[in-house]
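# Structural characterization, general
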Amino acid sequence: MSIIQTDALIVGAGPCGIFQIFELGLLGVKADIIDSLPTVGGQCTELYPDKPIYDIPAVPICTGQELIDSLMKQAAPFGATFHLGEEVIEVAKQEGYFRVVTNNAKEFHAKTIFVAGGVGSFQPRKPRLDGIDEIEDSSLHFKVKNPKIFAGQKLIIAGGGDSALDWALALADSVAELTLVHRRDDYRAAPASVAQLKALEAAGKVRIIENTNLAGLGIADGKLQSVALKSKAGEEQTLEADHLLVFFGLAPKLGPIAEWGLTIEKKAIEVDTSNSQTNVPGIFALGDISTYPGKKKLILSGFHEAALAAFAAKAIIEPGKKVHLQYTTTSPTMHKRLGVEGDIQK
Ligand code: FAD
């Protein structure tokens, strides 16, 4: 796989990482941006897409998703390259650049790095069951990579959210047997999906087991054979199964960020407040992942930190060149970069 060379590599495509694209773009720096999730937005889209935010300056109210959509629109003129579904696992300093490697073996050589990793990368919540490591990805899955592998198989889906129900509905026709196991009897999934699944149950196409937890895995020759269940009332049963799909939601983990040689204080990266730089020159941190005396974990703090980091990084990327402060209102250079040259006199 070819190595991607970049002046600026942003790790994390939450609101602050996306705004970092904009601040770098104003200074003429094109960025690459990576996120372990398949979509941009970080906590805003993952945890509260429909909830209102009231404290973004000059935006009296917007939802988490609307904020991300606006930030993406604002950053669009700067043509950043997005690498989604890639978790950065390794950062190492080399002579004149940083070598950055993802879980899919994508390799970047970056002059500067901006860690905007929020509360860490979102990972699937895993049940505490013996044998998970042995069968993960072969017969126990936390996401669906290839739905065809379930055709004609006995499938158990665990969970009560949208992912669990959407996949139950999508796979019901192609599997030999489908059971949905949910620890409660009310669902986080869309009511329409719940109604559809109950209709399939009434038609005998799906079995639904509520108020029940996963209790154990029966494994033979490295393959799932059965799943043990235990109800809240203490009743136990074992179901034969070829595959188990678990959708217990996502939880953030600081994970590999803790191993990049950065000074970490209470799960956050210490930075210099004058330029958002970490203890490693050329690596900046911003947004929820950064800390300094008086830090407030708010989106607006991350926006300011992104501006400081962009100026400091520009001086590293183009050493010796003076970085002037310019206003977007009046700077022809910035208008050119924003692609709004024709609007100058308006
Ligand atoms: P995040 O949004 O956490 O994004 C970080 C991204 O980095 C994630 O997408 C993650 O997958 C990715 N990542 C992490 N590690 C890696 C890695 N190793 N490789 C690749 N990708 C990685 N703030 C406000 O200002 N106002 C509000 O009203 C408000 N309301 C909130 C309501 C709720 C319910 C919650 C949970 C938070 C709220 N916040 C609010 C806080 C706000 O969402 C955060 O401050 C903000 O999301 C931080 O943005 P970020 O870009 O720093 O990080």
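Position numbers for residues start from 1 in each chain and track the written sequence from start to end. Only residues with pLDDT of at least 70 get local features here, since the model is predicted, and only at 80 or more are side-chain atom pairs given and counted; chain-wide, interface and lining totals rely on the full set of residues. Think of the side-chain values as coming from all heavy atoms in the structure, minus any hydrogens and water.

Another point: the sheet that holds strand S13 (residues 207-209). For two strands to be treated as a pair, DSSP must find at least two bridges joining them. By the criteria applied, helices consist of DSSP H or I runs no shorter than four residues and strands consist of E runs no shorter than two, each listed in order from the N terminus. Spatial ordering of the open sheet is given by S10-S17-S11-S12-S13, a layout of 5 strands whose pairing is parallel. One side of each edge strand has no neighbouring strand; the edge strands of this open sheet are strand S10 (140-141) and S13. In terms of strand pairing, strand S11 (residues 154-158) meets strand S17 (residues 243-246) through 4 bridges, oriented parallel. From the neighbouring strand, isoleucine 157 faces S17, where its bridge partner is leucine 245. For this analysis, residues touch if any pair of their heavy atoms sits within 4.5 Å. Inter-axis angles, ranging from 0 to 180 degrees, are taken between N-to-C directions of lines fitted to C-alpha atoms, where helices are fitted over the stretch in contact. Running at roughly 160 degrees to S11, helix H5 (residues 162-171) makes contact with S11, strand S12 (177-181) and S17 of the sheet.

Residues grouped as a nonpolar core are buried Ala, Val, Leu, Ile, Met, Phe, Trp, Tyr and Cys residues, joined through side-chain atoms within 4.5 Å. Only protein chains enter the area calculation, which uses a 1.4 Å probe; residues under 20% of their type maximum are buried, those over 50% are exposed, and those in between are partly exposed. Membership of the largest hydrophobic core comes to 39 residues, with the highest contact counts inside it found for Ile10, Ile21, Leu24, Leu67, Leu71, Phe114 and Ile299. For this core, the secondary-structure elements that each account for two or more residues are strand S1 (4-11), helix H1 (15-26), strand S2 (31-35), helix H3 (64-75), helix H7 (299-317) and helix H8 (332-338). A total of 8 residues in this core trace back to one element, the largest contributor, which is H7. Discounting chain neighbours no more than four positions away, the residues touching phenylalanine 114 are Ala8, Leu9, Ile10, Val11, Gln20, Leu24, Phe284, Leu286, Ala309, Ala310 and Ala313. With 22 residues, the next largest nonpolar core counts Val11, Trp260, Leu262 and Ala285 among its residues.

We now examine the packing of aromatic side chains. Stacked, edge-to-face and tilted are the three classes for Phe, Tyr and Trp ring pairs, Trp counted by its six-membered ring, which pair at centre distances within 6.5 Å; planes under 30 degrees apart are stacked, over 60 edge-to-face, the rest tilted. Tallying each qualifying case throughout the model produces 4 aromatic pairs. An angle of 40 degrees between the planes, with centres 4.6 Å apart, marks the rings of phenylalanine 19 and phenylalanine 303 as tilted. Of the two residues, phenylalanine 19 is situated in helix H1 and phenylalanine 303 in helix H7; the sequence distance between them amounts to 284 residues. A single burial state applies to phenylalanine 19 and to phenylalanine 303, both of which are buried. Judged by centre distance (5.3 Å) and plane angle (15 degrees), the rings of phenylalanine 114 and phenylalanine 284 are stacked. Here the residue phenylalanine 114 occupies a position in strand S8 (residues 107-115), and phenylalanine 284 occupies one in strand S21 (residues 283-285), the gap between them amounting to 170 residues. For the residue pair phenylalanine 114 and phenylalanine 284, the accessibility class agrees, reading buried in each case.

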